[in-house]
There are 2 protein chains.
Amino acid sequence: MNLKQLSEILGLSQTTVSRALNGFPEVSEGTRVRVQAAAQKYGYRPNSRAKGLATGRSMVIGHVIPSSSQHEMVNPIFGDFVAGAAKKYAEYGYDMMFTNADDTSIEDAYRSLFQRGAVDGVVLQGPKVNEARIAVLKRMSVPFIVHGRSTGTDTPYDWIDVNNKSSFLRATRFLIDLGHRRIALINGLEEMDFAQRRRAGYLEALEQAGIAADPDLMRSAEMTEVFGHRETHGMLQLDDPPTAILASSMISAIGVRRALDEAGLKMGQDVSVIAHDDDLSYLKNGQDVPIFTATRSSVRQAGEMAAEMLIERIKSPSAPTNTRLLEAELVVGRSTGPVPNRTSK
Amino acid sequence: MNLKQLSEILGLSQTTVSRALNGFPEVSEGTRVRVQAAAQKYGYRPNSRAKGLATGRSMVIGHVIPSSSQHEMVNPIFGDFVAGAAKKYAEYGYDMMFTNADDTSIEDAYRSLFQRGAVDGVVLQGPKVNEARIAVLKRMSVPFIVHGRSTGTDTPYDWIDVNNKSSFLRATRFLIDLGHRRIALINGLEEMDFAQRRRAGYLEALEQAGIAADPDLMRSAEMTEVFGHRETHGMLQLDDPPTAILASSMISAIGVRRALDEAGLKMGQDVSVIAHDDDLSYLKNGQDVPIFTATRSSVRQAGEMAAEMLIERIKSPSAPTNTRLLEAELVVGRSTGPVPNRTSK
DNA sequence: CATCATATCCAAAGCGCTTTGAAACTGAGT
DNA sequence: ACTCAGTTTCAAAGCGCTTTGGATATGATG
């Protein structure tokens, strides 16, 4: 069923039917009702491609999944972020398109998505330091929003981010206040912007407390459970092992916990742990009492906000850039405690 | 840059340029090279909407995210499945579209996606028992594939699924062989088809061994970490607690593990645990030695296969239905062991 | 040199919608 | 009865592509 057929059934022109359906004022209320009823009855839905061709807008927003060729990883926060964004897209009548691209062709994927007219705007996830894609998108003048930021990019752009630095500064300071001196950081991949910022916060807190940073206590890689386990296991073998560990994600924190268990250490007693908690729906940090002391910020909510900001940008492409910095909350759980008495060891 | 402009630059007709770019034989090799070079140079990419309008195909495949209104959950296996599918879509030149829909409007979402001509086919994830959506899609004659199956649906349809029943039967039998009699099942939501099949396998193994099923040992809900913890914690309070636990996902198994730790029980020694492992990239079951004894089946690979089957279906809509049953492998890790000596307790 | 097959290219129609510019119809005002 | 403003409807153009049915050029053939 298409517009032509529907209009013939109704004995009206395509113009009138189209206008009636799209809420234009120059069609009488009577015919509007009649048209809507018929559309309902015959299950008419305007073809989105034709509509897009005619209007020049696709009402689709694009995401690129960087299905990295080296480490075949899908960030688990991806799901929650996307779910949040999708919800808002739906509210505003947008669909959501994904394209897969390996590391080498990721720029091309964005370019293709937009130049083919497949999308009206794109979301850039997981920005690295000196993220090249930002310049690319800027040059193409695609409406876009970055989830995160990119140190080293000086042109302005829309972004939404958690204040990674301040939250890790605060978490580190919290541990220092509990008497810890040997504090480890199990971070994400160093080239990721968020990882840099978290480390900066961590280092600043150490410095303020006059504690020298120990490279042995700073590890970084893709934030998997196995990685958290391996690094913790390794650090426990050190002559002067950490008494506290900061983990950049709940997933790696679970690995940390496993390593501690295996070593017969009690989390929160022998070793304190603070995790960054993205508040994933399937991996809540406990029920009433949080399992981990954590810096918490809902990535799902970030997805919702990102979607709204992007839609706003699409609406007014030349408005001044918009940014949003979210503060993570520090929730105190049972994974932290005062530094154990050294002599008792 | 569009076809018209490009063809004017080249001094050729749109027809010829289009044909040259799409590999038709009736254009000389010389002009083909010339056209391709120009397209490259000016960064010409055919507008996908226009192309879709003209060809009648959108080269897009649709997924619906059931952003359930009650429990705001995003299944973590979602990410890996989608990544697998996306990879194949990309290979075949398809894009991937997502729509968000709450529980009530999910049928409508599928219908809309297809009837608007936005997609050429759809993927149905997480089928329930007596899944209504299958009939809907069938009736609309949309090409589709189901990830999983739906008991109670008798019309044939394409699906790809793990043999949930046999893998849980095997896992249960494995525990029975180790001497366990009190075996608990921490399952997914009962209305989900996979959960039913897993329970059926579990029950069959018990029956074959002459062990009466105990309703107290069978729990089911959304497979979160918190849920695994809560139910395990609860069952440990029973007069006759389980000596072994089957968990329907790695995530809930992590909760199981936490509950055991808290109770001072050693996994694999005091209590055996077997988990179903979807082989998620961020949540590998250990490195060399698996942490959990598990029934393993890569959901990412399932995504790839599903994509290929769907594309095949789109190509030949009236071919006989295609199905694929994957066998999970039983990997033995350190979470299982012989039943502890009762008297020693 | 006329004829025909083949290779190469093209003009124009059509995909299903929106939107412009105009027409037809109303009722009020003079 | 005639004009005018406002309301309601419409025909046709255009969005950027593919594809049909020719047209033209080329070269081989008799």
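Residues numbered from 1 in each chain as written. Chains lettered and ligands numbered in written order. Predicted model: local features only at pLDDT ≥ 70, side-chain atom pairs only at ≥ 80, totals over all residues. Heavy atoms only, no water.

**Some details on the domain arrangement of chain A**
So, point 1. Under the domain assignment used here, chain A contains domain 1 (3-46), domain 2 (60-162 + 299-327) and domain 3 (164-298).
So, point 2. If you average the C-alpha positions of domain 1 of chain A and of domain 2 of chain A, the two centres end up 37 Å apart. (Domains from an automatic or database assignment.)

**Digging into the interface of chain B and chain A**
So, point 1. Across the contact, 62 residues belong to chain B and 62 residues belong to chain A.
So, point 2. Taking both partners together, chain B and chain A bury about 5300 Å²; carbon and sulfur atoms supply 55% of that area.
So, point 3. At the surface where chain B touches chain A, the tally comes to four salt bridges.
So, point 4. Where A:D108 meets B:R45, a salt bridge forms, and the shortest distance between an N and an O atom there is 3.3 Å.
So, point 5. Those elements that place two or more of their residues in the side of chain B that touches chain A are α4 (48-55), β1 (60-66), α5 (76-91), β2 (95-101), α6 (106-115), α10 (225-236) and α11 (250-262) of chain B.
So, point 6. Sorting elements by how many residues they give to the side of chain B that touches chain A places α5(B) first, with nine residues.
So, point 7. The residue inventory of the side of chain B that touches chain A, partitioned by class, reads 24 nonpolar, 18 polar and 20 charged.
So, point 8. In the sheet, strand β2 (residues 95-101) of chain A pairs with β2(B) via three bridges, with the strands oriented antiparallel. What sits directly across from A:M96, in β2(B), is B:F98. (Contact = heavy atoms within 4.5 Å. Buried area = accessible area lost by both parts, 1.4 Å probe. Salt bridge = Lys/Arg side-chain N within 4 Å of Asp/Glu carboxyl O. Helix = DSSP H or I, 4+ residues; strand = E, 2+ residues; numbered from the N terminus. Nonpolar A, V, L, I, M, F, W, Y, C, P; charged D, E, K, R; others polar. Pairing = 2+ DSSP bridges.)

**Topic: the protein's contact with DNA strand D**
So, point 1. Around DNA strand D lies a shell of 28 residues, among which A:S13, A:T15, B:L3, B:S18 and B:R19 are the nearest.
So, point 2. Each atom of DNA strand D within 4 Å of the protein was assigned to sugar, phosphate or base; sugar and phosphate come to 58%.
So, point 3. At a separation of 3.4 Å, a phosphate oxygen of DNA strand D approaches a polar backbone atom of A:S28.
So, point 4. Note that a phosphate oxygen of DNA strand D is positioned 2.9 Å from one of the side-chain N or O atoms of B:N22.
So, point 5. Every element with two or more residues in the surface near DNA strand D is listed here: α2 (14-21) and α4 (48-55) of chain A together with α2 (14-21) and α4 of chain B.
So, point 6. For the surface near DNA strand D, the element with the highest residue contribution is α4(B), accounting for five residues. (Near = heavy atom within 4 Å. Polar contact = N/O pair within 3.5 Å; in protein donor to acceptor, adjacent residues only side chain to side chain.)

**Describing the protein's contact with DNA strand C**
So, point 1. In the vicinity of DNA strand C there are 28 residues, among which A:L3, A:S18, A:R19, B:S13 and B:T15 approach most closely.
So, point 2. Protein-proximal atoms of DNA strand C, defined as those within 4 Å of the protein, fall in sugar or phosphate at a share of 57%.
So, point 3. Here a phosphate oxygen of DNA strand C sits 3.1 Å away from a polar atom, N or O, in the main chain of A:N47.
So, point 4. In the environment of DNA strand C, a base nitrogen lies 3.4 Å from a nitrogen or oxygen atom belonging to the backbone of A:A50.
So, point 5. Contributing elements (two or more residues each) for the surface near DNA strand C: α2 and α4 of chain A together with α2 and α4 of chain B.
So, point 6. Per-element tally for the surface near DNA strand C: the top contributor is α4(A), with five residues.
So, point 7. Looking at the surface near DNA strand C residue by residue, the class counts come to eleven nonpolar, 13 polar and four charged.

**Details of the nonpolar core**
So, point 1. Counting residues in hydrophobic clusters, the biggest one holds 125 residues, and the most contacted among them are A:Y89, A:L246, B:Y89 and B:L246.
So, point 2. Other than its neighbours up to four places away in sequence, B:L246 contacts B:F168, B:A171, B:T172, B:L175, B:I183, B:A184, B:L185, B:I186, B:Y202 and B:I274.
So, point 3. In terms of nonpolar packing, the next biggest core, distinct from the first, is built from 40 residues, A:V146, B:M97, B:Y110 and B:L137 among them. (Core = buried A, V, L, I, M, F, W, Y, C linked by side-chain atoms within 4.5 Å. Buried < 20%, exposed > 50% of the residue type's maximum accessible area, 1.4 Å probe, protein only.)

**Some remarks on the pattern of salt bridges**
So, point 1. All told, the structure shown has 44 salt bridges over all chains when counted by the stated rule.
So, point 2. For A:K88, the salt bridge identified is with A:E91, shortest N-O distance 3.4 Å. On the criterion of helical spacing, the pair formed by A:K88 and A:E91 is a turn pair, its members being three residues apart in helix α5 (residues 76-91).
So, point 3. Taking relative accessible area as the criterion, A:K88 reaches 13% and is therefore assigned buried.
So, point 4. The salt bridge involving B:E231 is made with B:R230; its shortest N-O contact spans 3.1 Å.
So, point 5. The exposure class assigned to B:E231 is buried, which follows from its relative accessible area of 10%.
So, point 6. Here the salt bridges do not stand alone but share partners, grouping A:K88, A:E91 and A:E308 into one network.

**Observations regarding α6(B)**
Residue and element names in this part refer to chain B.
So, point 1. Where α6 is concerned, the buried positions are I106, A109, Y110, S112 and L113. Projected down its long axis, α6 shows its buried positions confined to an angular sector of 165°, all on one face.
So, point 2. Tucked inside the fold, the buried residues of α6 contact β1, β2, β3 (121-125) and α7 (132-140).
So, point 3. Residue G117 follows α6 closely and has a positive phi angle near 75°. (Arc of directions from axis to C-beta.)

**Remarks on the environment of A:M1**
Residue and element names in this part refer to chain A.
So, point 1. Mapped onto the elements of the fold, M1 is located in the segment before α1 (3-10).
So, point 2. We classify M1 as partly exposed; its relative accessible area is 41%.
So, point 3. C-alpha of M1 to C-alpha of G43: the two residues are 42 residues apart in sequence and 7.6 Å apart in space.

**Description of helix α3 (residues 29-42) of chain A**
All names here are of chain A.
So, point 1. End to end, α3 covers 20 Å across 14 residues, agreeing with the expected 20 Å (1.5 Å per residue, within 8%).
So, point 2. Taken together, the buried positions of α3 are R32, V35, A38 and A39. One face of α3 carries all of its buried residues, which in axial projection span an arc of 135°. In α3, the exposed positions that point more than 90 degrees away from the buried face belong to E29, G30, Q40 and K41.
So, point 3. The secondary structure elements touched by the buried residues of α3 are α1 and α2. (Expected span 1.5 Å × (residues − 1).)

**Observations regarding the sheet that holds strand β5 (residues 159-162) of chain B**
So, point 1. A sheet is described by the order of its strands in space; here twelve strands give the open sequence β11(A)-β5(A)-β4(A)-β3(A)-β1(A)-β2(A)-β2(B)-β1(B)-β3(B)-β4(B)-β5(B)-β11(B), paired in mixed fashion. Edge positions in the open sheet fall to β11 (323-326) of chain A together with β11 (323-326) of chain B, since each of these has one partner strand only. Neighbouring strand axes in the sheet, compared pairwise and without regard to direction, differ in orientation by 20° on average.
So, point 2. Note that strand β5 (residues 159-162) of chain A and β11(A) share four bridges and pair parallel. Within β11(A), the position partnered with A:V162 by the bridge is A:L326.
So, point 3. Sitting on the sheet, α7(B) is in contact with β3 and β4 (144-147) of chain B, with an inclination near 170° to β3(B). (Axes fitted to C-alpha atoms, helices over the stretch in contact; angles between N-to-C directions.)

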